[in-house]
Amino acid sequence: MLFRSPTSGSLSGLLIDEDRTPSVVPASSTNSISNGTTNTLTGAIYMPRTILTFGGMNPMGPMSVSLIARTMVFSNNAKVSLASSGAAVAAPGSVALIQ
């Protein structure tokens, strides 16, 4: 499956966004992206308050994304391929400015 963010408008480039209201989305919440087929994601995934989990046995397709999450977990042999556009990439446990 192919998931792409809008290319115009106020949500341009934003694929997934979580509600930032603490009473609606507590910091202990988990969001999961699992795949039974090959998925391709394009756009920003913005979940700064929650845990983002990737799981599944099939490899994810090339992803051209910015991943923003409090914690990321890769489980069940999850395989993720990130397509580099030359933008900054943050190593696990580090911070990078993405412009």
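Source: prediction; values computed, not measured.

Novice: What's the story with the overall build of the chain in this structure? I'm lost.
Specialist: From N to C terminus, the chain includes zero helices and six strands. Counting over 99 residues, the chain shows a buried share of 23%. Counting every atom, the chain has about 6300 Å² of accessible surface; 57% of that belongs to carbon and sulfur.

Novice: Honestly, the pairing of strand 4 (residues 40–55) in this entry has me stumped. Any pointers?
Specialist: If a strand is regular, its side chains alternate between the two faces of the sheet. Pairing geometry for strand 1 (residues 2–4) and strand 4, over three bridges, is parallel. By the bridge assignment for strand 4, L2 is matched with T40. Where strand 2 (residues 14–17) meets strand 4, three bridges bridge the pair, whose relative direction is parallel. Among the inter-strand pairings, D17 is bridged to a residue of strand 4, identified as Y46. Bridge analysis of strand 3 (residues 30–34) against strand 4 gives five bridges, and the strand direction is parallel. For T30, the partnering residue across the bridge sits in strand 4 and is I51.

Novice: Any chance you could explain the environment of L67 here in plain terms?
Specialist: Within the secondary structure layout, L67 lies in strand 5 (residues 62–75). Residue classification places L67 among the partly exposed positions, given a relative accessible area of 22%. In sequence terms L67 and A44 are 23 residues apart; their C-alpha atoms lie 6.2 Å from each other. Beyond its immediate stretch of four places on either side in the chain, L67 contacts I45, L52, F54 and M72.

Novice: Sorry, what's going on with the side chain of S5 here?
Specialist: Counting through the fold element by element, S5 comes out in the loop between strand 1 and strand 2. Classification of S5 by relative accessible area gives buried; the value is 13%. Discounting residues that sit within four places of it in the chain, S5 has contacts with G13, L14, L15, T42 and G43.

Novice: I would appreciate a short explanation of the packing of aromatic side chains in the present structure.
Specialist: What describes a pair of aromatic rings is the distance from one ring centre to the other and the angle between the planes of the rings. Applying the stated criterion across every chain yields a total of one aromatic pair. Measuring from centroid to centroid gives 5.2 Å for F54 and F74, while their planes differ by 10°, and the two rings are stacked. Residue F54 is found in strand 4, and its partner F74 is found in strand 5; the two are separated by 20 residues along the sequence. Since its relative accessible area comes to 1%, F54 is described here as buried.

Novice: Honestly, the nonpolar core in this entry has me stumped. Any pointers?
Specialist: Looking at soluble globular proteins, one finds that nonpolar side chains tend to be buried together. Residues I33, L41, I45, M47, L52, F54, V65 and A69 constitute the largest nonpolar core, which totals eight residues. Among the secondary structure elements, those contributing two or more residues to this core are strand 4 and strand 5. A total of five residues in this core trace back to one element, the largest contributor, which is strand 4.

What counts, and at which threshold
Residues numbered from 1 in each chain as written. Predicted model: local features only at pLDDT ≥ 70, side-chain atom pairs only at ≥ 80, totals over all residues. Heavy atoms only, no water. Helix = DSSP H or I, 4+ residues; strand = E, 2+ residues; numbered from the N terminus. Buried < 20%, exposed > 50% of the residue type's maximum accessible area, 1.4 Å probe, protein only. Areas by Shrake-Rupley, 256 points an atom, 1.4 Å probe, with all protein chains shown as cover. Pairing = 2+ DSSP bridges. Contact = heavy atoms within 4.5 Å. Phe/Tyr/Trp six-rings, centres within 6.5 Å; stacked < 30°, edge-to-face > 60°. Core = buried A, V, L, I, M, F, W, Y, C linked by side-chain atoms within 4.5 Å.

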